[in-house]
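# Survey of secondary and tertiary structure
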Amino acid sequence: MRQIAILGSTGSIGTQTLEIVRANQDLKVVSLAAGSNIIKLEEQIREFKPEIVCVFHKKAAEDLKIAVADMNVKIVSGMEGLIEAAVYPKAELVVTAFVGMIGIRPTLMAIQAGKDIALANKETLVTAGHLVMQAAKDYGVKILPVDSEHSAIFQSLNGENPKEIDKILLTASGGPFRGLTREQMKSVRVEDALKHPNWTMGQKITIDSSTMVNKGLEVIEAKWLFDTKLSDIQVVVQPQSLIHSMVQFKDGGIIAQLGTPDMKLPIQYALYYPNRRYLAGERVDFAKIGQITFENPDLENFRGLALAYRAAELGGSMPTVFNVANERAVALFLQKKIHYLDIIDMIEYCMGEHQTVENPTIEQILEIESATYELISSRW
């Protein structure tokens with residue numbers, strides 16, 4: 001029986017993780033955490049019977065405590081509660097599926113508590129990769145990527161010598177606006193940007209995929225996860241989303257991981273690594289597909305990817321500014337307070353105003369987060 005904690009249990013990755021738990025008798029959820037969705041959390045508590053549950057918002061936690069008073073479960077709240085849920089002694093593996101920088105502290109604390117991490121929180125590595133990967137090394141824990149692309153790279157490296165990597169080929173679908181110019185994207189509405197052609201994901205990551213900022217975040221993640229130079233990470237647009245990523249080696253050989261666009265595959269792979277389990281679902285039928293096509297990314301009209309490379313090259317605290325500005329811009333766009341193209345303009349402006357801090361501490365990272373929010377508020 002493998003006992004797990006899920007941080008972000010009511011979101012897209014969290015609910016799909018619980019689907020896998022539901023289908024396997026040897027997985028036990030001992031800890032859950034979410035932001036404020038206590039209706040879904042109550043359902044999860046009654047079905048999966050965790051021993052501790054964190055609701056980040058205190059008032060929601062108080063309401064949940066009343067709702068599940070008949071259950072043997074400890075309800076906690078705030079950052080302290082989130083960390084308590086992350087380091088819960090019985091948990092062997094922590095699935096970090098929160099969206100945003102809220103996931104950094106709990107992830108680091110879980111690592112220090114000796115937990116393996118199934119990482120689905122991009123911001124953790126984008127903003128604090130230098131701290132997280134060093135901590136994982138120091139405490140001897142595994143960082144198991146849940147992103148489909150990073151899981152594909154991880155799987156492609158199985159049995160291979162990482163020192164023999166020539167290039168990582170990070171694939172992208174191109175999103176719903178592939179082939180459009182900035183002029184054509186001026187009138188993009190929220191509803192348009194939320195229609196991803198292949199994947200079903202949460203709102204923020206779906207918007208990020210449409211701007212290709214998501215791919216930029218993944219480039220930064222890949223740099224830390226696989227200890228690779230930026231110049232050795234190449235983004236390739238593969239519109240069918242069947243090749244999830246590839247690794248090219250020094251001898252010219254390429255190993256790729258393919259599959260249907262289903263996030264449950266990389267989630268389950270992380271939960272059971274190094275073993276594989278049966279997973280119900282559609283299988284790839286190459287005869288029906290007919291062809292798999294490739295394109296170079298359009299860095300002129302999708303400048304978010306180019307800005308991500310720039311942020312990663314500058315290093316230090318700049319990826320934090322890139323991430324925070326995007327996070328806030330996407331939130332404003334979803335609220336219909338800014339236009340679609342303003343997202344990238346906001347990121348570029350914030351990066352231009354920032355003085356890079358080398359090797360920032362957690363405290364500095366969070367201070368830069370606050371300062372970037374203030375900068376945005378003063379202008380938009």
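Our structure's up above, just so we're on the same page.
The present account deals with the structure reproduced in this document.

Rules of the game
- Residues numbered from 1 in each chain as written.
- Predicted model: local features only at pLDDT ≥ 70, side-chain atom pairs only at ≥ 80, totals over all residues.
- Heavy atoms only, no water.
- Helix = DSSP H or I, 4+ residues; strand = E, 2+ residues; numbered from the N terminus.
- Rg over C-alpha atoms; globule rule 2.2 N^0.38 Å.
- Buried < 20%, exposed > 50% of the residue type's maximum accessible area, 1.4 Å probe, protein only.
- Contact = heavy atoms within 4.5 Å.
- Areas by Shrake-Rupley, 256 points an atom, 1.4 Å probe, with all protein chains shown as cover.
- Lys, Arg positive; Asp, Glu negative; His and termini not counted.
- Charge placed at Lys NZ, Arg CZ, Asp CG, Glu CD.
- Polar contact = N/O pair within 3.5 Å; in protein donor to acceptor, adjacent residues only side chain to side chain.
- Pairing = 2+ DSSP bridges.
- Axes fitted to C-alpha atoms, helices over the stretch in contact; angles between N-to-C directions.
- Expected span 1.5 Å × (residues − 1).
- Core = buried A, V, L, I, M, F, W, Y, C linked by side-chain atoms within 4.5 Å.
- Phe/Tyr/Trp six-rings, centres within 6.5 Å; stacked < 30°, edge-to-face > 60°.

### Topic: the overall build of the protein
- Helix and strand counts for the protein come out as 16 helices and 11 strands.
- Scaling as 2.2 N^0.38, a compact globule of 380 residues should have a C-alpha radius of gyration of about 21 Å, and the protein matches this with 20 Å.
- Overall, the C-alpha framework of the protein stretches about 55 × 50 × 40 Å when taken along its three principal axes.
- Among the 380 residues that make up the protein, the fraction classed as buried is 54%.
- Long-range pairs, those at least 24 residues apart, make up 68% of the contacts in the protein with a sequence separation of at least 6.
- Counting only carbon and sulfur atoms, one obtains 49% of the accessible surface of the protein, whose full area is about 16700 Å².
- Across the protein, 39 positive and 46 negative side-chain charges occur, with their mean positions spaced 3 Å apart.

### Description of the environment of R189
- As for its position among the elements, R189 is in the loop between β8 (165-172) and α8 (190-193).
- Distance from R189 to L334, taken between C-alpha atoms, is 9.2 Å for residues 145 residues apart in sequence.
- A distance of 2.9 Å separates polar atoms of two side chains, one belonging to R189 and the other to D192.

### Digging into the sheet that holds strand β10 (residues 243-249)
- Reading across from one edge, β9-β8-β10-β11 is the order of the 4 strands in this open sheet, with mixed pairing throughout. Edge positions in the open sheet fall to β9 (233-237) and β11 (254-258), since each of these has one partner strand only. Pairs of neighbouring strands in the sheet enclose a mean axial angle of 20°, with direction left out of account.
- Note: β8 against β10, 4 bridges, orientation antiparallel. Paired with I168 across the bridge in β10 is V247.

### Some thoughts on helix α5 (residues 104-112)
- Of all the positions in α5, only I104, P106, T107, L108, A110 and I111 are classed as buried.
- At the exit of α5 stands G114, carrying a positive phi of roughly 85°.

### Some words on helix α10 (residues 213-225)
- For α10, with 13 residues, the first-to-last C-alpha span of 18 Å sits near the 18 Å given by 1.5 Å per residue.
- If you check which residues of α10 are buried, you get V213, N214, K215, G216, L217, E218, V219, I220, E221, A222 and L225.

### Focus: the nonpolar core
- Core analysis: the largest hydrophobic core is formed by 119 residues, its most contacted members being L271, F322, Y340, I343 and I347.
- Per-element accounting of this core gives the leading share, 9 residues, to helix α14 (residues 318-334).
- The residues contacting I347, other than those within four sequence positions of it, are V213, L307, F322, A325 and N326.

### Let's talk about the sheet that holds strand β3 (residues 52-55)
- Taken in spatial order, the 7 strands make up an open sheet running β4-β3-β2-β1-β5-β6-β7, and their pairing is parallel. Both outer strands of the open sheet, β4 (74-77) and β7 (143-145), are each paired with one neighbouring strand and no more. Strand-to-strand twist across the sheet, computed as the mean angle between neighbouring axes with direction ignored, equals 25°.
- Looking at chain direction, strand β1 (residues 2-7) and strand β2 (residues 27-34) are connected through 6 bridges and run parallel. Of the residues in β2, the one forming a bridge with R2 is L27.

### What to know about the packing of aromatic side chains
- Overall, the coordinates contain 6 aromatic pairs when judged by the stated rule.
- A centroid spacing of 5.4 Å and a plane angle of 75° characterise the contact between F177 and Y340, whose relative ring orientation is edge-to-face. Of the two residues, F177 sits in the loop between β8 and α8 while Y340 sits in the loop between α14 and α15 (342-353), which places them 163 residues apart along the sequence. Per residue, the accessibility class of F177 equals that of Y340, and both read buried.

### Here's the deal with the pairing of β9
- In terms of burial, β9 is a largely internal element, 4 of the 5 residues being buried.
- Where β8 lies against β9, 5 bridges are found, and the strand directions are parallel. Residue pairing across strands places I168 opposite I233, the latter belonging to β9.

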